[in-house]
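The residues making up each chain are set out below.
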Amino acid sequence: FERMQSDPEDQTGISFRDIRFLERIPLNKQTILDYFALSGFYDRTCNNEIIKMQRLDADKLKTLRGKEYELFFANEPLLFVIRKQERTSNTVAIPLATYYCINGTIYQAPNVQSVVASRMLKSLFNVQAAFKEAQSYYTFDPYMHYTWDFNKSDAAASAPKKEEAKRIQDIHRVDRILYWMNAQFPNPSLNQPPVSNATMKTEGASKPGTPATSTPTSQTKRKIEDAISSNEKKIKS
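Read on for an overview of the structure. (Residues numbered from 1 in each chain as written. Predicted model: local features only at pLDDT ≥ 70, side-chain atom pairs only at ≥ 80, totals over all residues. Heavy atoms only, no water.)

A closer look at the overall build of the protein
Part 1 of the argument: A tally of regular secondary structure across the protein gives nine helices and seven strands.
Part 2 of the argument: Here the protein, with 237 residues, has 18% of them falling under the buried criterion.
Part 3 of the argument: In the protein, once contacts between residues fewer than 6 apart in sequence are set aside, the share between residues at least 24 apart is 34%.
Part 4 of the argument: In the structure as shown, the protein presents an accessible area of about 18600 Å², 57% of it carried by carbon and sulfur atoms. (Helix = DSSP H or I, 4+ residues; strand = E, 2+ residues; numbered from the N terminus. Buried < 20%, exposed > 50% of the residue type's maximum accessible area, 1.4 Å probe, protein only. Contact = heavy atoms within 4.5 Å. Areas by Shrake-Rupley, 256 points an atom, 1.4 Å probe, with all protein chains shown as cover.)

What follows is the structure in structure tokens.
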């Protein structure tokens, strides 16, 4: 038997199942009320308990006044519906609560107010989510007032592409700024390419006392590489 902290009148958070009883006695119209009497839903001050203690016939239950339990519906052996009611006369009984037993487990059925409140709460949650979604599509301008753009979902899908294009534009913009700064404020140490010792020797032999300051072309690079290879051969020989 599992209990939860809840209002005494609201026992929808309680369930009951007795495996020992189910193993010994099958559930039917004659045994379901005895099985229900073992649960926490059962009120010991009810008229059913008085009938049981005095060993009276079940037909005498309608002659008593007060709370009682009645088997309202049965679909043996899986489903049983038990109603708690307040009897005021032999023919009038006011329903107080409804319980159902499914495959040996007893629950209290929620009342109409709880069901409607739960459905309304769920629907209001969806309506609130819809309003939040709608608020993301409108923009306000003092001249144009409210405008709606429902293509923002497509724009959100293309956002990564736009960010990549913007990043490339930023790179080009920075490159142009650096190029302009280099042209306005040249740095000789940065403009002079690194030259190897063999290149300096080769250019020094052709033009003694002249430092290598110009950027070599493809033909010059080829001559430099030939000179380096020939010097290496001489060194090895």
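On we go.
A look at the pattern of salt bridges
Part 1 of the argument: What the rule picks out here adds up to two salt bridges.
Part 2 of the argument: Ionic pairing is found between E68 and R87, a salt bridge with its closest N-O pair at 2.8 Å. Of this pair, E68 sits in strand β2 (residues 66-75) while R87 sits in strand β3 (residues 79-87), and the two are 19 residues apart along the sequence. Both residues of the pair, E68 and R87, count as buried.
Part 3 of the argument: Where E70 meets R83, a salt bridge forms, and the shortest distance between an N and an O atom there is 4.0 Å. Note that E70 is positioned in strand β2 and R83 in strand β3, a separation of 13 residues in sequence. (Salt bridge = Lys/Arg side-chain N within 4 Å of Asp/Glu carboxyl O.)

Some words on the nonpolar core
Part 1 of the argument: Y35 and F36 are the most contacted members of the largest nonpolar core, which has 18 residues in total.
Part 2 of the argument: When contributions to this core are tallied by element, the ones reaching two or more residues are α2 (32-36), β3 and β4 (93-102).
Part 3 of the argument: Excluding its chain neighbours within four sequence positions, the residues that come into contact with F36 are F41, Y42, Y69, I82, Y99 and I106. (Core = buried A, V, L, I, M, F, W, Y, C linked by side-chain atoms within 4.5 Å.)

A look at a nonpolar patch on the surface
Part 1 of the argument: A cluster of nonpolar side chains, namely V174, I177, L178, W180, M181 and F185, defines an oily patch on the protein surface of about 640 Å² accessible area.
Part 2 of the argument: The residue I177 is located in helix α6 (residues 159-184) in this model. (Patch = residues over 30% accessible without salt bridge, like charges linked within 9 Å, V, L, I, M, F, W, Y side chains within 5 Å.)

Thoughts on the sheet that holds β4
Part 1 of the argument: Here we have five strands laid out as an open sheet, ordered β1-β5-β4-β3-β2, and antiparallel in their pairing. Only two strands of the sheet have a single partner each, and these edge strands are β1 (15-16) and β2.
Part 2 of the argument: Sheet topology note: the β1/strand β5 (residues 105-108) ladder contains two bridges and is antiparallel. For S15, the partnering residue across the bridge sits in β5 and is Y107. (Pairing = 2+ DSSP bridges.)

Topic: the side chain of E49
Part 1 of the argument: Mapped onto the secondary structure, E49 falls in helix α3 (residues 47-54).
Part 2 of the argument: Comment: no salt bridge for buried E49; closest opposite-charge side chain is R44, at 4.0 Å.
Part 3 of the argument: Those residues within four positions of E49 in sequence are excluded, and the remaining contacts are Y42 and R44. (Lys, Arg positive; Asp, Glu negative; His and termini not counted.)

Examining the environment of I51
Part 1 of the argument: Tracing the backbone through its elements, the reader meets I51 in helix α3.
Part 2 of the argument: The buried category is assigned to I51, whose relative accessible area is 9%.
Part 3 of the argument: In contact with I51, not counting residues within four places along its chain, are L56, D57, K60, L61 and L64.

What about the pairing of β4?
Part 1 of the argument: Relative to β4, β3 is paired through nine bridges, and the arrangement is antiparallel. Counterpart to E86 in the pairing with β4 is I94.
Part 2 of the argument: The hairpin formed by β3 and β4 contains five residues between the paired strands.
Part 3 of the argument: Summarising the sheet, β4 and β5 pair through four bridges and their orientation is antiparallel. Residue I102 lies in a different strand from β5, and its bridge partner there is T105.
Part 4 of the argument: Where β4 folds back onto β5 in an antiparallel hairpin, the turn is made up of two residues, including N103, whose phi is positive at roughly 55°.

Brief notes about the packing of aromatic side chains
Part 1 of the argument: Counted under the stated rule, the structure contains 10 aromatic pairs.
Part 2 of the argument: Here F21 and Y35 contribute two aromatic rings whose centre-to-centre distance is 5.0 Å and whose plane-to-plane angle is 35°, an arrangement assigned as tilted. Separated by 14 residues along the polypeptide, F21 in helix α1 (residues 19-24) and Y35 in helix α2 bring together distant segments of the chain. With respect to burial, F21 and Y35 carry one shared label: buried.
Part 3 of the argument: Taking the centre distance of 6.3 Å and the plane angle of 85° together, the rings of F36 and Y42 count as edge-to-face. Side by side, F36 and Y42 carry an identical accessibility label, which is buried.
Part 4 of the argument: Put simply, the rings of F36, F41, Y42, Y69 and Y99 touch in pairs and so form one group of aromatic residues. (Phe/Tyr/Trp six-rings, centres within 6.5 Å; stacked < 30°, edge-to-face > 60°.)

None of this, on its own, says anything about what the molecule does.
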